[in-house]
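Commentary on secondary and tertiary structure
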Amino acid sequence: MQNVPEEWREEQRAGGGGEVDAKPWEGREALFQINTVNSKHDMDTGKENGETGVKERRKENVEMMNEGGKGTEKESLMMELTRLVQKTVKESSWWERRGIDITILVLAFLLLPPAFLLLGSSQFLVFVLGMVLMGVSHAVISIKGTHLASHGSLSESPAWAEFWAVFFIEVCGSFTARAGVTGHIKMHHAHTNVIGLGDSSTWKIPCLPRSVYLFIAPLAIPIITPLVALGQLKDHSVSQALRTVLMVFLGFYSQYWLLMRVSGFQCPYSSLLCMLLCRAMFSIPYIHVNIFQHIGLSMFSPTRRPKRIYQMTHGVLNLPRNPLLDWTFGHSLINCHVEHHLFPFLSDNMCLKVKPIVSQYLKEKALPYQEDTYLSRLQLFFHKYQELMVFAPPITELVGVQ
């Protein structure tokens, strides 16, 4: 097997990710550091390095950004792209950087009162409208909200970033914030498409037939998610585990109580069924999006991987714009996923704003900017389910990339 030229490679360290807990704001800073220094080290440096190396790199990165990269003999591709994106970010208003996405989340919460009232109607069409409003609101809050909160994109303040992570991930998303942020930031983003680390294998269930996996099993996500969260509590401290249990229970019970008191449900089982249907409304496209944009693309070895810009451009794919999914999932999960993996600290709206800059730059540098339609990816996964979702994917060696 041929190897990637050494000048394209990043220095790899022994051990895997996930040894150190990630926090929303720390994930944003760490990934920004990787972007500015072209990934000289993996984001997860492990316990052996402690915090000294992180602080030193942070200081170097700040100096580099302040000086615009001066003092380096040759500006790397990632540094050059980062400089272009950072220029756009600095010129953007708060409304563009955070305001638009926060407004969408606020609108989702404002849809909840009319949804509960409509669910109390005896007219079938009105009741269905209430279900749709509830399902859309829950998708926006539990998918877009949790994703932005996990990256600390809702606030500059570390305290508020942690608060929103707990609120959206645990109360609204029924999962543990610690495991969610650590797994997403430290594993998926730090080791995107790296075999055994960030290869999206958590979304694979090889024992299921393709039709069941793609169109039926996702409906069980509202039940599976809190059960998986309970399994994660063994790695938590007693206080963290207790907080997670209380927050998840608060999220479930508040919706159940409102259905019984405001919507007028008489039977507990009908309330639970309504909750399941509303929470599962977007679970099928959610699973699809998670596998379409990574699985089937280039996969890399844990010990020999390309530099970050090659890793992300070869292992991430954008879906086309879709008004419904753009609003519910967010641009960074749909049509700006490449931009999101290159600059994870950006909000959905900022990913959309820098999209022309990123796509043009990558094409000018003869780097892949991968895009495909939702239907095309669905057909691919349906016909190649065994190859993509059951068998172990082959390792890709990027030979000839200039």
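Examining the overall build of the protein chain
- Secondary structure assignment for the protein chain yields 19 helices and zero strands.
- For the protein chain, with 402 residues in total, the buried portion stands at 51%.
- Relative to all contacts within the protein chain whose residues are 6 or more apart in sequence, the contacts with residues 24 or more apart total 75%.
- Element-wise, carbon and sulfur atoms account for 63% of the exposed surface of the protein chain, whose accessible area totals about 18800 Å².

A few points about helix α11 (residues 238–261)
- Here α11 spans 33 Å end to end across 24 residues, near enough to the 34 Å set by a 1.5 Å rise per residue.
- Every buried residue of α11 is accounted for by A241, T244, V248, G251, Q255 and L259.
- On its buried face, α11 sits against α5 (112–118), α6 (124–150), α7 (158–172), α10 (221–232) and α12 (268–279).

Some details on the nonpolar core
- Counting residues in each nonpolar core, the largest one holds 25 residues, and the members touching the most others are L81, I309, L342, F343, L346, V358 and L362.
- When residues in this core are grouped by element, the largest group, six residues, is from helix α17 (residues 348–364).
- Once residues within four sequence positions are removed from consideration, V358 is found in contact with L81, V85, E339, L342, F343 and Y369.
- Counting 22 residues, the second-largest nonpolar core is a separate cluster that includes L133, L148, A149 and F265.

As for unusual backbone geometry
- In this model, S174 sits at a positive phi of 60 degrees, which is unusual for a non-glycine residue.
- Tracing the backbone shows S174 in the loop between α7 and α8 (177–189).
- Judged by relative accessible area, which is 3%, S174 ranks as buried.
- Positive phi is not limited to glycine here, since N193 has a value of about 60 degrees.
- You can see N193 is positioned in the loop between α8 and α9 (210–215).

Thoughts on the confidence of the model for the protein chain
- On average, residues of the protein chain score 84 in pLDDT, and 80% of them are at 70 or above.
- Ignoring residues within four places in sequence, the model shows residues 1–19, a span with pLDDT below 50, making 56 contacts including any to other chains.

What to know about helix α13 (residues 283–292)
- Counting buried residues in α13 gives eight out of 10 residues, a clear majority hidden from the surface.
- Restricting attention to buried positions, one finds in α13 the residues S283, P285, I287, H288, V289, N290, I291 and F292.

What to know about the packing of helix α4 (residues 94–110) against α17
- At a minimum axis separation of 7 Å, α4 and α17 run at an interaxial angle of 130 degrees. In terms of orientation, α4 and α17 fall into the oblique class. Contacts between α4 and α17 involve E96, R97, I100 and D101 from the former and D348, N349, M350 and K353 from the latter.

Concerning the environment of I143
- Tracing the backbone shows I143 in helix α6.
- Residue contacts for I143: discarding those within four places in its chain leaves H138, Y286, T328, F329 and L333.

Side note on the side chain of S263
- Looking at the secondary structure, you find S263 in the loop between α11 and α12.
- For S263, the residues in contact, after removing those within four places along its chain, are F116, L119, G120 and L258.

Things to note about a nonpolar patch on the surface
- On the surface, I223, I224, L227, V228, L230 and V245 cluster together to form a nonpolar patch covering roughly 530 Å² of accessible area.
- With five residues, the single largest contributor to the nonpolar patch is α10.
- Tracing the backbone through its elements, the reader meets V228 in helix α10.

Re the packing of aromatic side chains
- Applying the stated rule across the entire model yields 19 aromatic pairs.
- For the ring pair F282 and F329, a centre distance of 6.4 Å and an interplane angle of 70 degrees mean the geometry is edge-to-face. In this pair, F282 sits in the loop between α12 and α13 while F329 sits in helix α15 (residues 323–329), placing the two residues 47 residues apart along the sequence.
- Under the relative-accessibility criterion, F329 is labelled buried at 1%.
- Pairing F343 with F345 gives two aromatic rings, centres 6.2 Å apart and planes at 85 degrees, and the pair type is edge-to-face.
- Three or more aromatic residues link up through ring pairs in this structure, and these residues are F109, W160, F163, W164, F167 and F168.

Quick notes on the pattern of salt bridges
- The final tally for this structure, using the stated rule, is nine salt bridges.
- With a shortest N-O distance of 2.7 Å, D101 and K144 are connected by a salt bridge. You can see D101 sitting in helix α4 and its partner K144 sitting in helix α6, a full 43 residues away along the chain. As far as burial versus exposure is concerned, D101 and K144 are alike and both buried.
- Note that D326 is salt-bridged to R321, the shortest N-O span being 3.3 Å.

Some words on the environment of H188
- Here H188 is to be found in helix α8.
- Here the alpha-carbon distance between H188 and H341, two residues 153 residues apart in the chain, equals 9.5 Å.
- H188 has contacts with G183, G198, S200, H294 and H341, leaving out every residue within four places of it along the chain.
- Within polar-contact distance, the side chain of H188 engages the side chain of H294 at 3.4 Å.
- Among the polar contacts listed, one links the side chain of H188 to the side chain of H341, at a separation of 3.3 Å.

Conventions we followed
- Residues numbered from 1 in each chain as written.
- Predicted model: local features only at pLDDT ≥ 70, side-chain atom pairs only at ≥ 80, totals over all residues.
- Heavy atoms only, no water.
- Helix = DSSP H or I, 4+ residues; strand = E, 2+ residues; numbered from the N terminus.
- Buried < 20%, exposed > 50% of the residue type's maximum accessible area, 1.4 Å probe, protein only.
- Contact = heavy atoms within 4.5 Å.
- Areas by Shrake-Rupley, 256 points an atom, 1.4 Å probe, with all protein chains shown as cover.
- Expected span 1.5 Å × (residues − 1).
- Core = buried A, V, L, I, M, F, W, Y, C linked by side-chain atoms within 4.5 Å.
- pLDDT = per-residue confidence, 0-100.
- Axes fitted to C-alpha atoms, helices over the stretch in contact; angles between N-to-C directions.
- Parallel < 35°, antiparallel > 145°, perpendicular 65-115°, else oblique.
- Patch = residues over 30% accessible without salt bridge, like charges linked within 9 Å, V, L, I, M, F, W, Y side chains within 5 Å.
- Salt bridge = Lys/Arg side-chain N within 4 Å of Asp/Glu carboxyl O.
- Phe/Tyr/Trp six-rings, centres within 6.5 Å; stacked < 30°, edge-to-face > 60°.
- Polar contact = N/O pair within 3.5 Å; in protein donor to acceptor, adjacent residues only side chain to side chain.

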